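So you can see what is in the structure, the chains are spelled out below.
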Amino acid sequence: MNATGGGLYDVAVVGLGPAGRALASRCAASGLTVLALDPRPDAPWRQTLSVWADQVPMWLRPEACGVDVLAHTVPAAALYAPDRAVLHREYAVLDNEALRRALPLGPGVTVELAEVDDTGVRALTARAHRVVDCRGAGGRLNRGPLQTAYGIVVDAADAAPALGGENALFMDWRTDYLRGRNADDHDDDNSHDDNSDDDEVGPSFLYAIPVGPDRVLLEETCLAGLPAPDPAVLASRLRSRLAGRGVSPAAIASPLSVERVRIPLLPRPGLTEDPRVEAFGTAGGHGHAATGYSVAAMLAAVPAAVHAIEAGYPLPAPRSPLSTALHGVGLRVLLRADDGTLRALFNAFGRLDGRRQRWFLDAASPSYQVAAAMWGMWFSMPARNKAGMVAAVLRPSTRTSGGGVPITSAGTRTVPVEGE
């Protein structure tokens, strides 16, 4: 039905972040009538959105949409865990404003400035045949595990000492944020006490990615936490790490911009059993529970979602149930494993061939690919760290340390995974 003629809209899209805008734009381009609701539809997207360059879907490439949505690309990013590995895959940072231009809200989209709660989402079934929740994974309402980070953007010349000659640092798990010790002495062979945390928070890594030809994002990241670490701890680690590598105090104290990241790694439970209300993007489970990446998988899923809405089918699942379960095992390890095991895990990831690295990183990989990548990581890990992996997956109930971080009697960080 055509909403301009007094009937129901074909689809109501709640939230106009990247997922909602992509879905609304492509639905309208297919001739559907769209009602889009967001309290600030024109608010800039300030977060850094990254993908692998080969993940940009065909419909979003310049020859198809007339817009280059990539702000910057970088080849051969390095990983240290602590052994060095190079990821032979081009990494890309999206140009957020260009992405918005590539996703126009044309005459087929009616935009209403409104903040919609869960009750309001359900009520939209009175105005549209289908309702799609694109409000994200729940923000502060999501009590599950989080990926958190604190980062600064500095001039490329100021960032050079932190990069140490690398094009980019995808993950740098070296512990040079620790003061007063030669932190890497005990990391070279994973021979230190695996049940000894760096501190109450556990390990974090440096993510250092050029976001333009003359600017670099330097970010201290906790890949998964429940509870999440205090941002002040990550900020302190970042300042310590950068100062130790020779980044100028002025650049650290007065960056070009500051970025704070808080990504729920699991979606909130569905709102209702009403088949007319569905979710898309991180709200719909398109995020990778073990890495936090979601944008590429969401963009790749847009054409199938539009087709489903046109045909009256349910929105396709973001991946198979078995792939989701394997991602959940990875998340459980991230949350429960001791620090030595985690670093050994990513050391093993660095030893994978490029094909299996892609299989693990891509959020929509089929289960046989995810399983093959995870087996490859497991196979190359030292025996003591394999034992640590098993313990992390099977570890039962926990008690709480004096610092508020759940631990086992052995002293390692461990938390239950919400939603299991």
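In what follows, the structure referred to is the one given above.
Just so you know, these numbers come straight off a predicted model, no measurement behind them.

Parameters and conventions
Residues numbered from 1 in each chain as written. Predicted model: local features only at pLDDT ≥ 70, side-chain atom pairs only at ≥ 80, totals over all residues. Heavy atoms only, no water. Salt bridge = Lys/Arg side-chain N within 4 Å of Asp/Glu carboxyl O. Helix = DSSP H or I, 4+ residues; strand = E, 2+ residues; numbered from the N terminus. Buried < 20%, exposed > 50% of the residue type's maximum accessible area, 1.4 Å probe, protein only. Axes fitted to C-alpha atoms, helices over the stretch in contact; angles between N-to-C directions. Parallel < 35°, antiparallel > 145°, perpendicular 65-115°, else oblique. Left-handed = near helix turned anticlockwise from the far one by under 90°. Contact = heavy atoms within 4.5 Å. Nonpolar A, V, L, I, M, F, W, Y, C, P; charged D, E, K, R; others polar. Core = buried A, V, L, I, M, F, W, Y, C linked by side-chain atoms within 4.5 Å. Pairing = 2+ DSSP bridges. Expected span 1.5 Å × (residues − 1). Bend = angle between axes of the 7 residues up to and from the residue.

Peer 1: Even after reading the chapter, I still don't get the pattern of salt bridges, so can you show me in this structure?
Peer 2: Between side chains of opposite charge, a pair can form as their charged atoms come close. Per the stated rule, a full pass over the model turns up 14 salt bridges. A salt bridge links Glu 112 to Arg 127; the shortest N-O distance between them is 2.6 Å. Residue Glu 112 is found in strand β8 (residues 109–112), and its partner Arg 127 is found in the loop between α4 (118–123) and β9 (128–133); the two are separated by 15 residues along the sequence. For Glu 112, a relative accessible area of 25% translates into the label partly exposed. The shortest N-O distance in the salt bridge between Asp 133 and Arg 135 comes to 2.8 Å. Relative accessible area serves as the criterion here: at 29%, Arg 135 is assigned to the partly exposed category. In this structure, a network of salt bridges that share partners links the residues Asp 172, Arg 174, Asp 176, Glu 220, Arg 241 and Arg 245.

Peer 1: Sorry if this is basic, but what is going on with the packing of helix α9 (residues 321–336) against helix α12 (residues 367–380) here?
Peer 2: Any two packed helices are characterised by the angle at which their axes cross and by the distance between the axes. Axis separation between α9 and α12 bottoms out at 8 Å; the angle between their running directions is 25°. Here α9 is positioned roughly parallel relative to α12, judged by the angle of their axes. Where α9 crosses over α12, the handedness of that crossing is left-handed. On α12, the residues touching Leu 322, Ser 323, Leu 326, His 327, Val 329 and Gly 330 of α9 are Ser 367, Val 370, Ala 371 and Met 374. Of the residues belonging to the contact of α9 with α12, the class tally is six nonpolar, four polar and no charged.

Peer 1: What exactly am I supposed to notice about the nonpolar core here?
Peer 2: Nonpolar side chains tend toward joint burial in soluble globular proteins. In terms of nonpolar packing, the biggest core is built from 44 residues, with Phe 170, Met 171, Phe 346 and Phe 349 touching the most fellow members. It is helix α10 (residues 339–351) that provides the largest number of residues to this core, a total of six residues. Once residues lying within four places of it in the same chain are set aside, the contact partners of Phe 346 are Leu 79, Ala 81, Met 171, Trp 173, Leu 223 and Leu 334. In this structure, Leu 23, Ala 36, Val 56 and Val 306 belong to the second largest nonpolar core, which totals 42 residues.

Peer 1: Looking at this structure, how should I read unusual backbone geometry?
Peer 2: Across residues other than glycine, the phi torsion is negative in most instances, and most of the peptide bonds are trans. Look at the link from Ala 81 to Pro 82: it is a cis peptide, with omega at -5°. Mapped onto the elements of the fold, Pro 82 is located in the loop between β5 (77–80) and β6 (84–87). Looking along the chain, the bond that leaves Leu 226 and enters Pro 227 is cis, with omega of 5°. Its place among the elements puts Pro 227 in the loop between β13 (215–225) and α6 (231–244). The backbone phi angle of Ala 76 is positive, close to 55°, even though this residue is not glycine. With respect to the element layout, Ala 76 can be found in the loop between β4 (70–74) and β5. Judged by its relative accessible area of 25%, Ala 76 falls in the partly exposed class.

Peer 1: Would you mind showing me how to read the pairing of β9 here?
Peer 2: Where a strand is regular, its side chains alternate between the two sheet faces. Burial analysis of β9 places five of its six residues in the buried class, the great majority of the element. Looking at chain direction, strand β1 (residues 9–14) and β9 are connected through five bridges and run parallel. Along β9, the bridge assignment pairs Val 11 with Arg 130. Across three bridges, the pairing between β9 and strand β15 (residues 277–279) is parallel. Among the inter-strand pairings, Val 131 is bridged to a residue of β15, identified as Val 277.

Peer 1: Help me understand helix α8 (residues 295–311) in this model?
Peer 2: Residues that lie three or four places apart on an α-helix share one face, since the helix turns once every 3.6 residues. Taking 1.5 Å per residue as the helical rise, α8 with its 17 residues ought to reach 24 Å, and the 25 Å between its terminal C-alpha atoms agrees with that figure. The largest bend in α8 is about 40°, located at Val 302, with the proline Pro 303 one to four residues further on. Within α8, the full set of buried residues consists of Val 295, Ala 296, Ala 297, Met 298, Leu 299, Ala 301, Val 302, Ala 305, Val 306, Ala 308 and Ile 309. Residues of α8 that are buried make contact with β1, α1 (18–29), β3 (50–52), β7 (91–94) and β9. Directly beyond the C-terminal end of α8, a positive phi value near 80° is found at Gly 312.

Take it as geometry only, folks, not as evidence of what the structure does.
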